[in-house]
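Reading the structure
Here are the chains, one letter per residue:
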Amino acid sequence: MPRARGSKHPADGLPRRRVAAIQRRLLRWYAAHRRRLPWRRARPDPYRVWVAEIMLQQTQISTVIPYYERFVARFCNVAALAAADEEEVLALWSGLGYYSRARSLLRSARLLIERHDGRLPRQRDLLESLPGIGRYTAGAILSIAFSQPEPAVDGNVRRVLTRLMLTKQKPVQRSRCQRTAAGRPRRAGAPAPGAGRFSEPTAAELEVRARDLVSSVPPADFNQAIMELGALVCRPSAPLCATCPLSRVCEARRLGVQEQVPSPRKQPATVRQSRAVALIHNNGRVLVERAFSPGTPRGLWDLPGTLIPENSEPRRHLERHLRSQGLGTRVGARLACVEHGITFRRIRCTAYETVLDGSALSESPAAGRPARRWVERSHLRSLPMGSAARRLLASCRRPI
DNA sequence: TATGCGTGGAC
DNA sequence: TGTCCAAGCAT
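Going along each chain's sequence as written, the residues are numbered from 1 onward. For naming, the first written chain is A and the first written ligand is 1, with later ones following in the order written. Totals for whole chains, interfaces and linings use every residue, but because this is a predicted model, local features are given only for residues with pLDDT of at least 70 and side-chain atom pairs only at 80 or more, for both listing and counting. The basis for every side-chain value is the complete set of heavy atoms in the structure, and neither hydrogens nor water enter the calculation.

Contacts to DNA strand C come from 18 residues, most closely from Q58, G132, T137, D154 and G155. For this purpose, a residue is taken to be near a molecule or strand whenever a single non-hydrogen atom of the residue falls within 4 Å of it. Among the atoms of DNA strand C lying within 4 Å of the protein, the sugar-phosphate backbone contributes 68%. By the criterion applied in these results, polar contacts are pairs of N or O atoms within 3.5 Å in which, for protein atoms, one can donate a hydrogen and the other can accept it, and in which residues neighboring in sequence qualify only through two side-chain atoms. The contact in question runs from a phosphate oxygen of DNA strand C to an N or O atom on the backbone of G134, over 3.0 Å. At a separation of 3.3 Å, a phosphate oxygen of DNA strand C approaches a polar backbone atom of Y136. Each residue is assigned to one class: nonpolar for Ala, Val, Leu, Ile, Met, Phe, Trp, Tyr, Cys and Pro, charged for Asp, Glu, Lys and Arg, and polar for all the others, Gly among them. Along the lines of polarity and charge, the residues of the surface near DNA strand C split into 4 nonpolar, 8 polar and 6 charged.

The next subject is the state of the cysteines. Covalently bonding the sulfur atom of one cysteine to the sulfur atom of another cysteine gives a disulfide. To count as a disulfide, a pair of cysteine sulfur atoms needs to be within 2.5 Å. Taken as a whole and assessed by the stated rule, the structure comprises 0 disulfides. The thiol of C234 is not disulfide-bonded; the next cysteine sulfur, from C244, is found 6.1 Å away.

Glancing now at helix α6 (residues 100–115). Between its terminal C-alpha atoms α6 stretches 22 Å, which fits the 22 Å expected from 16 residues at 1.5 Å a residue. Every buried residue of α6 is listed here: R101, A102, R103, S104, L105, L106, S108, A109, L111 and L112. Residues count as neighbours in contact if any of their non-hydrogen atoms are within 4.5 Å of one another. Numbered from the N terminus, helices here are DSSP runs of H or I no shorter than four residues, and strands are runs of E no shorter than two. Tucked into the core, α6 has its buried residues touching α2 (46–56), α3 (61–74), α4 (78–82) and α5 (86–93). Two residues or fewer past α6, D117 is found with a positive phi of approximately 60°. In a helix, the anticipated span is given by 1.5 Å times the number of residues less one. Residue exposure (1.4 Å probe, protein chains only): buried if accessible area is under 20% of the type maximum, exposed if over 50%, otherwise partly exposed.

Just to be clear on terms, a salt bridge is a Lys or Arg side-chain nitrogen sitting within 4 Å of an Asp or Glu carboxyl oxygen. As enumerated under the stated definition, the model contains 16 salt bridges in all. Two residues, R290 and E87, come together in a salt bridge whose shortest N-O distance is 3.4 Å. With a gap of 203 residues between them, R290 in strand β4 (residues 285–290) and E87 in helix α5 connect regions that are remote in the sequence. What makes E87 partly exposed here is its relative accessible area of 24%. The residue R135 makes a salt bridge to E207 at a minimum N-O spacing of 2.1 Å.

Glancing now at the nonpolar core. The definition of a nonpolar core used throughout is a set of buried Ala, Val, Leu, Ile, Met, Phe, Trp, Tyr and Cys residues joined through side-chain atoms within 4.5 Å. Core analysis: the largest hydrophobic core is formed by 78 residues, its most contacted members being Y47, W50, M55, F71, L81, W93 and L161. The residues contacting W93, other than those within four sequence positions of it, are I54, M55, Y67, F71, Y98, Y99, R101, A102 and L105. V286, L303, L383 and L392 belong to the second-largest nonpolar core, a separate cluster that totals 18 residues.

Right, let's talk about the environment of E310 for a bit. Take E310: it is sitting in the loop between β6 (305–308) and α13 (314–324). C-alpha of E310 to C-alpha of Q273: the two residues are 37 residues apart in sequence and 8.1 Å apart in space.

Lines fitted to the C-alpha atoms define the axes, with helices restricted to the stretch that makes contact. Angles between their N-to-C directions range from 0 to 180 degrees. Relative orientation of the contacting elements α2 and α6 amounts to 155°, with a least axis distance of 10 Å. In terms of their interaxial angle, α2 and α6 are classed as roughly antiparallel. Crossing angle aside, the handedness with which α2 passes α6 is right-handed. Contacts between α2 and α6 involve W50, V51, I54, M55 and L56 from the former and R101, L105, S108, A109 and L112 from the latter. Looking at the contact of α2 with α6 residue by residue, the classes come out as 8 nonpolar, 1 polar and 1 charged. In what follows, roughly perpendicular refers to angles from 65 to 115 degrees, roughly parallel to angles under 35, roughly antiparallel to angles over 145, and oblique to any angle outside these ranges. By definition, any crossing whose near helix is turned counterclockwise from its far helix by less than a right angle is left-handed, and any crossing with a clockwise turn is right-handed.

This part covers a positive patch on the surface. Here, patches come from residues exposed beyond 30% relative accessible area and free of salt bridges, joined within 9 Å for like charges and within 5 Å for nonpolar side chains (Val, Leu, Ile, Met, Phe, Trp, Tyr). Here, Shrake-Rupley sampling with a 1.4 Å probe gives the accessible areas, and only protein chains in the shown set may cover a residue. Working convention for charge: Lys and Arg count positive, Asp and Glu count negative, and His plus the chain ends are omitted. We put the charge of a Lys on NZ, of an Arg on CZ, of an Asp on CG and of a Glu on CD. On the surface, R315, R316, R320, R323 and R330 cluster together into a positively charged patch. Here R315 is to be found in helix α13.

Running from N to C, helix α9 (residues 155–164) and helix α10 (residues 203–214) point in directions that differ by 90°, and their axes come no closer than 10 Å. Taken as axis vectors, α9 and α10 run roughly perpendicular relative to one another. Residues R158, L161 and T162 of α9 form the contact with α10, whose own contacting residues are L206, R209, A210 and L213.

Here the focus is the pairing of strand β3 (residues 271–282). As judged from the 4 bridges shared by β3 and β6, these two strands associate in the antiparallel manner. Looking across to β6, one finds that S274 is bridged to I308. Strand pairing is assigned whenever DSSP identifies at least 2 bridges connecting the two strands. Summarising the sheet, β3 and β4 pair through 2 bridges and their orientation is antiparallel. Of the residues in β4, the one forming a bridge with N282 is R285. The antiparallel pairing of β3 with β4 creates a hairpin that spans 2 residues between the two strands, and N283 there sits at a positive phi of about 55°.

With that settled, the discussion passes to the packing of aromatic side chains. Planes of paired rings set the category: under 30 degrees apart is stacked, over 60 is edge-to-face and the rest tilted, where pairs are Phe, Tyr or Trp rings (Trp by its six-membered ring) whose centres lie within 6.5 Å. With the rule as written, the count across this model stands at 4 aromatic pairs. Ring geometry for W39 against Y68: centres 5.2 Å apart, planes inclined by 75°, an arrangement best described as edge-to-face. One end of the pair, W39, is in the loop between α1 (16–33) and α2; the other, Y68, is in helix α3, with 29 residues separating them in the sequence. Residues W39 and Y68 agree in their burial class; the two are buried.

Take a look at the structure:
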């Protein structure tokens, strides 16, 4: 897109002086406040940047750090990852959630070996063609690992830019003369985004703004600076405007509406379900089965169990289920109750202890039954475990 | 454009 | 303990 002559950026109408002020203030703030993170290095390793960015999708930094450390210690480069078993990759991911990220990471590593000499490509279209890499992640890798002036708009950046460049909706009749935040006419009849009082930029508009801002500055520092500001200062609620380096140039702050934008997304209704699992053990070994009952992500091993219909008695229902699965036994004492979430469902999971004669059970699955295996308790950590098994075994003090 | 995909932290 | 919440990618 050719840049218009004059002092304005073409898409958003931001004066150049304001762009320069935002860049300068943000970079100065970042130099003083950046967090030391294991993937932030003076000379970034593209592989490590990639792994970190995938783990950070929808996941908080404090959660990611230990997983990241273990992962890059085990798989130090693309080739090591590409040669791995999916089960081992999932085991290292176990507990981090969104397991398709791990599967995509492995598939991408193998594609990089096949097609790109084991290196991450430096072109956006090639990066975005890899499983698990979308608009944001490609921009993050290009800017952080390869110092390219590419935008990387994540939730933090969206929030910072939306607040920074908010435009108030005019109360006059809206028609084709109504302008978006980017200065383009809004489609006639199209609903204005946001709460109604303010015009919030679309994803495409945000990317145009982010691209303007990241030009002519060090891209790795700038993109990380704006994300860091969103995480630490320009928080979703109770933003710390008093200490924000951009508060003087922030439109939402000027209007006093920083907590009202961006408008919150609709939260899907929570559906609650109950599940019961059996900790079946024998001579120090625990019986696990692979992702069969709802509540365990695909490919993970969890304790045998079943969903409990409403108004059913969990213990009775679990016993019936175990009998139907050839695990004919009575369940013993209730061990624990763990609650975990599958997306926006919450599943309350009650665990019961059961001792079973190992000789009574074949590990070869019958048709229509899940894969089962006996695992030494000390080896459970090397398995990708579902959350019921993981959390129960982590909290269970009694020796098995 | 809407929905499914996990989890842990804040309150 | 229960409830709410985050905000990328694939389909």
